[in-house]
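# Residue-level structure breakdown
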Amino acid sequence: MLTDYLPRSPEEYIACFRQIAALIERAMDQVEKRQFGSTEERQRTLGNLAEGVELLASLRGNNAIFNNIRPVAPPHFQLEMYKFETQLRERLIELGYAYPPHPTTPSDQ
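Cut-offs applied
- Residues numbered from 1 in each chain as written.
- Predicted model: local features only at pLDDT ≥ 70, side-chain atom pairs only at ≥ 80, totals over all residues.
- Heavy atoms only, no water.
- Phe/Tyr/Trp six-rings, centres within 6.5 Å; stacked < 30°, edge-to-face > 60°.
- Buried < 20%, exposed > 50% of the residue type's maximum accessible area, 1.4 Å probe, protein only.
- Core = buried A, V, L, I, M, F, W, Y, C linked by side-chain atoms within 4.5 Å.
- Helix = DSSP H or I, 4+ residues; strand = E, 2+ residues; numbered from the N terminus.
- Contact = heavy atoms within 4.5 Å.
- Salt bridge = Lys/Arg side-chain N within 4 Å of Asp/Glu carboxyl O.
- Polar contact = N/O pair within 3.5 Å; in protein donor to acceptor, adjacent residues only side chain to side chain.
- Expected span 1.5 Å × (residues − 1).
- Axes fitted to C-alpha atoms, helices over the stretch in contact; angles between N-to-C directions.
- Parallel < 35°, antiparallel > 145°, perpendicular 65-115°, else oblique.
- Left-handed = near helix turned anticlockwise from the far one by under 90°.

With that settled, the discussion passes to the packing of aromatic side chains. Enumeration according to the criterion identifies one aromatic pair in this entry. Relative to Y99, the ring of Y97 has its centre 4.9 Å away and its plane inclined at 90 degrees; by these criteria the two rings are edge-to-face. Among the residues examined, Y97 registers a relative accessible area of 15% and is labelled buried.

Pasting the structure below:
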């Protein structure tokens, strides 16, 4: 089963997070060097990278989907994860990605 591969300790979890962040960063390096055939192709690629960054946000605890799965980590790991997530979001924006606006809810009005 795939659950055999789950990180079992905070150290394994942060190592997994770092590896995924490094993969996304390397993909951004490739996008930076690549010549795209069209603006649409570039935006699709940036959208795919944004999905990776948002996966990191979820793994960090942005939406609580992984909170009961991941091991409890010390606060400095949480801060490190947030730092990587922020760096990758900022780089994605520098590459030309524009996050869609958040929909307004009745409580926002």
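That shown, we press on.
If you look at the biggest cluster of nonpolar residues, it comprises 21 residues, and the most contacted ones within it are M28 and L92. Of all elements in the fold, only helix 1 (10-33), helix 2 (39-60) and helix 3 (75-94) reach the threshold of two or more residues within this core. Top contributing element to this core by residue count: helix 1, with seven residues. Once residues lying within four places of it in the same chain are set aside, the contact partners of L92 are M28, L46, L49, A50, V53, Y97 and Y99.

Quick look at the pattern of salt bridges now. By the definition in use, this model includes eight salt bridges. Note that E85 is salt-bridged to R89, the shortest N-O span being 2.5 Å. Remark: R89 and E85 occur in helix 3; sequence separation between them is four residues, near one turn of the helix. With relative accessibility at 1%, the residue E85 sits in the buried group. Classification of R89 by relative accessible area gives partly exposed; the value is 21%.

So, on to the environment of N62. Mapping N62 onto the fold places it in the loop between helix 2 and helix 3. Residues N62 and Y5, 57 residues apart in the sequence, show an inter-C-alpha distance of 22 Å. Those residues in contact with N62, other than ones at most four positions away along the chain, are E54 and A57. Engagement of the side chain of N62 in a polar contact is seen with the side chain of R60, the distance being 3.5 Å.

Bringing the side chain of S58 into the picture now. Relative to the helices and strands, S58 resides in helix 2. Polar side-chain contacts of S58 include one of 3.0 Å to the side chain of N63.

With 24 residues, helix 1 extends 35 Å from end C-alpha to end C-alpha; this agrees with the ideal 34 Å at 1.5 Å per step. Among the structural elements, helix 2 and helix 3 are those in contact with the buried residues of helix 1.

In the contact formed by helix 2 and helix 3, the axes pass within 10 Å of each other and the chain directions differ by 165 degrees. In this view, helix 2 runs roughly antiparallel relative to helix 3, as classed from their interaxial angle. Note that helix 2 runs across helix 3; the crossing there is left-handed. The segment helix 2 lies against helix 3, with L46, L49, A50, V53, E54, L56, A57 and R60 engaging Q78, M81, Y82, E85, L88, R89 and L92.

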